[in-house]
Amino acid sequence: MTAAQIQDILNHKDILLAIRSKRVKNQAELDRLQKRLMQKFRAAVAPAPRPTNTMDIALNAAHNIFQIWQGVSFGLKVVRGFRSAFKTK
């Protein structure tokens, strides 16, 4: 809390009531931010919508094939790296 917020609380007739109302406001803001964060997280991890036309299906298949190719090539690089690092004669 800032000095101005503390001074506002101290200037109230009922300091405990001012503290409680500040806490309720803070909790409401925290709940709102948590709800917003969960909505963004769910949107980020939600599955992609199903393709509706043949162009989307073809693009989706091409994307999947490219991802598989990248994964396999990365795996081969890792295996080659381990083999060269732990080469025995």
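Everything discussed here concerns the structure shown above.
Fair warning: this is a prediction, and the values are worked out from it, not measured in the lab.

Here is what the cut-offs are and how they apply
- Residues numbered from 1 in each chain as written.
- Predicted model: local features only at pLDDT ≥ 70, side-chain atom pairs only at ≥ 80, totals over all residues.
- Heavy atoms only, no water.
- Helix = DSSP H or I, 4+ residues; strand = E, 2+ residues; numbered from the N terminus.
- Rg over C-alpha atoms; globule rule 2.2 N^0.38 Å.
- Buried < 20%, exposed > 50% of the residue type's maximum accessible area, 1.4 Å probe, protein only.
- Areas by Shrake-Rupley, 256 points an atom, 1.4 Å probe, with all protein chains shown as cover.
- Axes fitted to C-alpha atoms, helices over the stretch in contact; angles between N-to-C directions.
- Parallel < 35°, antiparallel > 145°, perpendicular 65-115°, else oblique.
- Contact = heavy atoms within 4.5 Å.
- Nonpolar A, V, L, I, M, F, W, Y, C, P; charged D, E, K, R; others polar.
- Salt bridge = Lys/Arg side-chain N within 4 Å of Asp/Glu carboxyl O.
- Phe/Tyr/Trp six-rings, centres within 6.5 Å; stacked < 30°, edge-to-face > 60°.

(A) Layout of the overall build of the chain. Secondary structure summary: the chain contains 3 helices and 0 strands in total. What you see for the chain is a C-alpha radius of gyration of 28 Å, clearly larger than the 12 Å of a compact globule of 89 residues, by over 25%. Seen through its C-alpha atoms, the chain measures out along the principal axes to roughly 80 × 55 × 15 Å. Classification of the 89 residues of the chain by burial places 2% in the buried group. Carbon together with sulfur atoms contributes 64% to the accessible area of the chain, which is approximately 8,600 Å² in total.

(B) Geometry of the packing of helix α1 (residues 3-11) against helix α2 (residues 15-45). Direction vectors running N to C along α1 and α2 enclose 135°, while the axes themselves pass 7 Å from each other. Put simply, α1 runs oblique to α2. Where α1 approaches α2, its residues Gln-5, Ile-9 and Leu-10 are matched on the opposing element by Ile-15, Ala-18, Ile-19 and Lys-22. Here the residues of the contact of α1 with α2 sort into 5 nonpolar, 1 polar and 1 charged.

(C) A look at the pattern of salt bridges. This model, assessed by the stated rule, comprises 1 salt bridge. Close ionic contact of Glu-29 with Arg-32 constitutes a salt bridge, the shortest N to O distance being 2.7 Å. On the criterion of helical spacing, the pair formed by Glu-29 and Arg-32 is a turn pair, its members being 3 residues apart in helix α2. Glu-29 sits in the partly exposed class, given a relative accessible area of 35%.

(D) Structural detail: the packing of aromatic side chains. Counted by the stated rule, this structure contains 2 aromatic pairs. Ring geometry for Phe-82 and Phe-86: centres 6.1 Å apart, planes at 10°, overall stacked. What makes Phe-82 exposed here is its relative accessible area of 51%. Residue classification places Phe-86 among the exposed positions, given a relative accessible area of 59%.

Function-wise, these values are silent; they only describe arrangement.
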